[in-house]
Amino acid sequence: MDIYGSLVEIVGEEFVSDQEEELYIYSRDSGAQQPRKADYVVVPKTVEEVQKIVLLANKEKIPVTPMGGGLTLSGLAVPLKGGIVLDMKRMDRIIEINEKSKYALLEAGVTQGALYSHLQKNYPHLEHSMPDAPPMATIVGNVVIQGHGHLSVSCGINSQMVNGMEVVLPTGEVCKLGSCSVSPYWFTRDPLPDLMGLFIGWLGTTGIITKIALQLFPKPKFRDLLTFTSNELDLLPDFIFDITQLNLMDNLFIISQEWPPWAQGILYVPIVSAQDEEEFELKKKLHIELLRKYEGKITLVEGKHADRMREARLPVPPVTLGVMAADAKQGGGFEYTGGIVPIEKVPEASTRSVEIAHKYGQPYLLGYQLLTSGHSMMCGLAYCLNRADDEDVEKVRNAIDETNKMILDVGGVLWKAEAPGQRLMVQKMDPNTINLMKRVMKALDPNAIMNPGNWSE
């Protein structure tokens, strides 16, 4: 039996395709990276089907690229070496909400929007940390790329909120990680060896996550944001230090972009919440009082611009200003680089980002996200592009490459880097770290079938 026939036997004819029109869709994403042609698209429903597909791929030495929402914009779900794209969207069951231990047990295809709606309807007093991504982004996809959400300052980045996983290894074994490996409950990843680190940040090169347990958090009764503005970039590290010392925020956005004009300068947007109105008002008051130290240099924004920011950034997920400007070239393309940098290097990264954007004829679109309690900052420089204009797309690829080199030059690391960005990091990486990564990948995936082309060259 040929490969197509074997895949049909596993999942049924309706859920396998080698038709050009469908392969076209799965061979690219909305970013600026080069498309790479898939040979087959398969949409499994069960872990047993995933296991059989992996065993077949191993036997036939066929690359397998797992895919959630396909929204990284950096080509991480594009099959760099062809083969099978494994679309996980049919595995979409919300298996359990454990209200007392505050976690959700989910299949790999559950989206951010599906979990949000389920909690709103059935557990309105609980929430999960929603990323600034479209609702069709999957929970697992966000965890694998170490994404962040609207509780990243108060509760950590989303990959730190994982209690447990079920994983199909590249050799076909189904493995449980965390408390679920010794208990019927998926309530913690401690104090066992943290084997989940073998699958987080590896970009689908070490296995296929089929279930995940994600922590939930109390949903506050009161939630609001403040908007501060400044033109003095060099104050940023000191202000971040002071505002995080209050230890009262859920989240903090920092925005600077050329369009719309009112968003120019530096906008600090702390988000605060509470279960009690008195506590809520006190939190807002303490943040505003902090501005006395920066009198005349960082000021409170009120009126229509504050209301506009509230309309855009307070919803979960928010409407990002980058999205508002993303189709400025009316070409339907958008990509952003994400560098995680030390707080003290943010002013330099910001200044150099603006220079790079202007060099390539782009308006600057800077969106920064504070991570944990002020330990680092995700610096996102966004580029919009006309996908129908090859010259424009190539220009953006060059701008992304230059931005990646700048982030590494200031001492940062690249977040959800496309394959060329991964190679830049490998060039700077400690040789023993590279060797360890190669040994781990070889041990888990001896035939190198998992998402090859990522972390492998």
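What comes next is a walk through the structure. (Residues numbered from 1 in each chain as written. Predicted model: local features only at pLDDT ≥ 70, side-chain atom pairs only at ≥ 80, totals over all residues. Heavy atoms only, no water.)

Some words on the packing of helix α11 (residues 346–359) against helix α12 (residues 390–409)
At step 1: Close contact between α11 and α12 brings their axes to 10 Å; oriented N to C, the two are set at 165°. As far as their axial angle goes, α12 and α11 are roughly antiparallel. As α11 runs across α12, the sense of the crossing is right-handed. Along the contact surface, α11 presents Ala349, Arg352, Ser353, Ile356 and Lys359, while α12 presents Ala399, Glu402, Thr403, Met406 and Asp409.
At step 2: Here the residues of the contact of α11 with α12 sort into four nonpolar, two polar and four charged. (Axes fitted to C-alpha atoms, helices over the stretch in contact; angles between N-to-C directions. Helix = DSSP H or I, 4+ residues; strand = E, 2+ residues; numbered from the N terminus. Parallel < 35°, antiparallel > 145°, perpendicular 65-115°, else oblique. Left-handed = near helix turned anticlockwise from the far one by under 90°. Contact = heavy atoms within 4.5 Å. Nonpolar A, V, L, I, M, F, W, Y, C, P; charged D, E, K, R; others polar.)

Quick look at the nonpolar core
At step 1: Among the nonpolar cores identified, the biggest contains 62 residues, and Phe239, Ile240, Ile254, Tyr268 and Met377 are the most heavily contacted of them.
At step 2: Per element, the largest residue contribution to this core is seven residues, and it comes from α12.
At step 3: Setting aside chain neighbours within four positions, we find Ile254 in contact with Leu236, Ile240, Ile266, Leu267, Tyr268, Leu366, Gly367, Tyr368 and Met377.
At step 4: Membership of the second largest hydrophobic core comes to 51 residues, among which are Ile3, Val42, Leu151 and Val162. (Core = buried A, V, L, I, M, F, W, Y, C linked by side-chain atoms within 4.5 Å. Buried < 20%, exposed > 50% of the residue type's maximum accessible area, 1.4 Å probe, protein only.)

Details of the environment of Gln160
At step 1: Position of Gln160 relative to the elements: it lies in the loop between α6 (152–155) and β8 (162–168).
At step 2: A C-alpha to C-alpha distance of 9.7 Å links Gln160 and Arg189, two positions 29 residues apart in sequence.
At step 3: With sequence-adjacent residues up to four places away left out, Gln160 is seen in contact with Arg189, Gln215 and Thr372.

Looking at helix α3 (residues 47–60)
At step 1: The terminal C-alpha atoms of α3, which comprises 14 residues, lie 20 Å apart, in line with the 20 Å expected from a rise of 1.5 Å per residue.
At step 2: Listing the buried residues of α3 in full gives Val47, Glu49, Val50, Ile53, Val54, Leu56, Ala57 and Asn58.
At step 3: Following α3 by one or two positions, Lys61 adopts a phi angle in the positive range, close to 60°. (Expected span 1.5 Å × (residues − 1).)

A few points about the sheet that holds strand β4 (residues 84–87)
At step 1: Strand order across the open sheet formed by four strands is β1-β2-β4-β3, with mixed pairing between neighbours. Of all the strands in the sheet, the pair left with one neighbour each is β1 (16–17) and β3 (64–67).
At step 2: Bridging between β1 and strand β2 (residues 40–42) involves two bridges; their strand directions are antiparallel. The partner of Ser17 across the bridge, within β2, is Val41. (Pairing = 2+ DSSP bridges.)

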